[in-house]
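Structure at a glance
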Amino acid sequence: MKPPRTIQISLPATGEEEWQAVREPLMTGWLTQGPKVAAFEKAFAERHQVKHALAATSCTTALHLILAAMDIGPGDEVIVPAFTWVATANVVLYCGATPVLADVDRSSFNLDPQDVARKVGPRTKAIIAVHLFGLCADIDAIRAAAPGIPIVEDAACAAGSGYRGKPAGALGTAAAFSFHPRKSITTGEGGMVTTDDGALAERCNQLRNHGASISEEQRHHGPRPYLLPEFNLLGFNYRMTDLQGAVGLVQLKRLDEFIDERQRWADFYRAELSAIPWLRMPSTPAGSRHGWQSFVCYVDPDRAPMPRNALMEKLQERGISTRPGTHAVHMLGYYRDRFGYSPDDLPGARDCDRHSMSIPLHNRMSEADYGYIVDALKEMA
Ligand SMILES: *Cc1c(COP(=O)(O)O)cnc(C)c1O
């Protein structure tokens, strides 16, 4: 039987304004990285209180740029949480370095600073702190656990999030954001590096453009047309298009509105669902501004009336999409086979992989959608 309504786990909130925004690049013919990307970067840097923002093709490539610009390579270790999207660990391997997985806290889903302290060694060159689902990692505790080690923020889910009065993206040496449609604001695919470090920014700038030491834009507008760029670094093509930059500018303008709306419905979920003893609500520590990229609950295996997967199937039958929060990297085939991990090596990540459940929270849901989800979950209880 067809359910009375279907609610997707996520839907990007794009529309007329984004549609109009792509007209100008299409009509002028300036399609690749140019004035729209520059304007998007400037606005993004201002919103996240950093000196530099550099657009890239994704958060994955933004992270790769940062690690490459930090000269991380073979023989180096980078600490990465074991419960995160696989890209966070993959970028370390792209550099020929070794990802060292640290466990996560089951209530915040973020890095456990005590395990970070245990995993730091003489080869540790950086820590990638993930702000999972929009909640900032406890940066102060991580810094205290690993004094002097640079922190790179994986802020894929954390556009507009905050920690102790500072925005995500301004908490470490550098940060990487995502504009994939599953995130709070989108450009289709896309990413952004933020940093206050001018030299690091300049290296990222060159690396994203084949290692060229002057930009395409300078080449087109500069007074010396005979100048070709210098290529002194092994770079990549990780440039964002101006079509995406134009969309990003519109989306960024709407970011705080998106988060405020998500916050209201997160409060509604919490008010309606916290009486269910086996469904743990996402944690919101004092001093944090949650960006609510996802609303991720934890299904207590000892108290729930059925296993998480059975619950997810029942919700799907009713037209409600859910997903596991994300995956445990050490339980994925490539990492398991290459590094010989077993699930119990990182028990926090293992449990989050098995028991986390994301329920729909995005900017294209109606009041009736939220009510329907709450009623369905109460009936399961
Ligand atoms: C989505 C996500 C990424 C990857 O972002 P892309 O823009 O798709 O490359 C990386 N890390 C985390 C934590 C993510 O959620």
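Preceding this section is the structure that the text describes.
The structure reproduced in this document is the subject of the present report. (Residues numbered from 1 in each chain as written. Predicted model: local features only at pLDDT ≥ 70, side-chain atom pairs only at ≥ 80, totals over all residues. Heavy atoms only, no water.)

Here's the deal with the packing of helix α3 (residues 35-47) against helix α10 (residues 242-273)
Helix-helix packing is described using two parameters, namely the angle between the two axes and the distance between the axes. Rules: Fitting a line to C-alpha atoms yields each axis, with helices limited to the stretch in contact; the angle taken between N-to-C directions then spans 0 to 180 degrees. Numbering of helices and strands runs from the N terminus; a helix is a DSSP stretch of H or I covering at least four residues, while a strand is a stretch of E covering at least two. Geometric relationships in this document are graded by angle, where less than 35 degrees denotes roughly parallel, more than 145 denotes roughly antiparallel, 65 to 115 denotes roughly perpendicular, and other angles denote oblique. Should the near helix be turned anticlockwise from the far one by less than a right angle, the crossing is termed left-handed; should it be turned clockwise, right-handed. Any two residues whose heavy atoms approach within 4.5 Å at even a single point are treated as in contact. Charged residues are taken to be Asp, Glu, Lys and Arg, nonpolar residues to be Ala, Val, Leu, Ile, Met, Phe, Trp, Tyr, Cys and Pro, and polar residues to be all remaining types, Gly included.
Taken N-terminus to C-terminus, the directions of α3 and α10 make an angle of 25°; their axes are 7 Å apart at the nearest point. The angle between the axes of α3 and α10 places the two elements in the roughly parallel class. Considering only the axes of α3 and α10, their crossing is left-handed. Counted together, P35, K36, V37, A39, F40, A43, F44 and R47 of α3 and D242, G245, A246, G248, L249, L252, L255 and D256 of α10 form the full contact between these two elements. Partitioning the contact of α3 with α10 into residue classes produces ten nonpolar, two polar and four charged.

Overview of the packing of aromatic side chains
Filter applied, for reference: Aromatic contacts are taken between Phe, Tyr and Trp rings whose centres are within 6.5 Å, Trp giving its six-membered ring; a plane angle under 30 degrees counts as stacked, one over 60 as edge-to-face, and the others as tilted. Between buried and exposed lies partly exposed: a residue is buried under 20% and exposed over 50% of the maximum accessible area for its type, with that area taken using a 1.4 Å probe on protein chains only.
Throughout the structure, instances matching the rule amount to 16 aromatic pairs. Plain terms: the ring middles of F40 and F179 are 5.3 Å apart, the flat faces sit at 50° to each other, and that makes the pair tilted. Of the two residues, F40 is situated in helix α3 and F179 in the loop between β8 (174-178) and β9 (191-195); the sequence distance between them amounts to 139 residues. The class of F40 is buried, set by a relative accessible area of 0%. Seen from their ring centres, F109 and F133 are 5.5 Å apart, and the 80° between their planes marks the pair as edge-to-face. Remark: F133 occurs in the loop between β4 (124-130) and α7 (139-145) and F109 occurs in the loop between β3 (98-102) and α6 (113-119); sequence separation between them is 24 residues. Judged by its relative accessible area of 3%, F109 is buried. The exposure class assigned to F133 is buried, which follows from its relative accessible area of 6%.

Points about the packing of α10 against helix α14 (residues 367-380)
It is at 10 Å that the axes of α10 and α14 come closest, and there the two elements cross at 25°. Relative to α14, α10 is oriented roughly parallel. Considering how the two elements wind past one another, α10 and α14 form a crossing that is right-handed. Here W265, F268, Y269, E272 and L273 of α10 come into contact with α14, specifically with E367, Y370, G371, I373, V374, L377 and K378. Taken together, the residues of the contact of α10 with α14 sort by class into eight nonpolar, one polar and three charged.

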